Amino acid sequence: MGNLFGRKRRSRVTEQDKAVLQLKQQRDKLKQFQRRVGLSLQRERALARQLLQDGKREKALLLLKKKRYQEQLLDKTENQISNLERMVQDIEFTQIEMKVIEGLKIGNECLNKMHQVMSIEEVERIIGETQDAVEYQRQIDELLAGSLTEEDEDAILEELNAITQEQMELPEVPSEPLPEKIPEASPVKNKPKPELVAAS
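Residues numbered from 1 in each chain as written. Predicted model: local features only at pLDDT ≥ 70, side-chain atom pairs only at ≥ 80, totals over all residues. Heavy atoms only, no water.

Observations regarding the pattern of salt bridges
Inference 1: Enumeration over the complete set of coordinates arrives at 10 salt bridges.
Inference 2: The partner of glutamate 44 in a salt bridge is lysine 66, and the shortest N-O contact between them spans 3.3 Å. Taken together, the residues glutamate 44 in helix α2 (residues 15-53) and lysine 66 in helix α3 (residues 57-117) connect sequence positions 22 residues apart.
Inference 3: Of the residues examined, glutamate 44 reaches a relative accessible area of 8% and is grouped as buried.
Inference 4: With a closest N to O distance of 2.8 Å, glutamate 71 and lysine 67 form a salt bridge. Here lysine 67 and glutamate 71 lie together in helix α3, a separation of 4 residues that amounts to about one turn.
Inference 5: Relative accessible area serves as the criterion here: at 24%, glutamate 71 is assigned to the partly exposed category.
Inference 6: A relative accessible area of 12% means that lysine 67 is categorised as buried. (Salt bridge = Lys/Arg side-chain N within 4 Å of Asp/Glu carboxyl O. Helix = DSSP H or I, 4+ residues; strand = E, 2+ residues; numbered from the N terminus. Buried < 20%, exposed > 50% of the residue type's maximum accessible area, 1.4 Å probe, protein only.)

As structure tokens, then:
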């Protein structure tokens, strides 16, 4: 009921799908025809033998002519079935090719949009600016490293050590010599466990 007032749903079945379905249905009908004719040929051959045994040569000859005509029909049917199957395969492969082409088209459009955002000139400009900034930083590093003398570097190291010492307040080292022999710890005596006496 809700579908009455709603939008009409678009079918996902394409014209190519309908064509493939019709071709497959036609192929199936031809295969059914083949089976019927095949059974008919077997019956007619057996009937022709029976007619020959009964001495009815003319009727047997007419029946064999009919059988031959049906065999030719079977050959034509086989060719038509193979043509239908080839056509179905061609249509299905063409559908796959169309999807691939559509995917390539979308990918190409996406690449073109990305190229519009970043042109070659823009990329070259960014790379140039990056190289300039790296060169400028290298020059600053050289100036800073070259302007300090050995005395300055020694003073910097002393200041660093002083700051490190302030942060780490270590206990002072004792000036007395350490005892040479460590007194042995007295072994722990095993205390006898009190015996449990049963209550009476």
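Description of the confidence of the model for the protein
Inference 1: Across the protein, pLDDT averages 81, with 82% of residues at or above 70.
Inference 2: Put simply, helix α1 (residues 2-5) is where the protein has its lowest mean pLDDT, 57, and α3 is where it has its highest, 89. (pLDDT = per-residue confidence, 0-100.)

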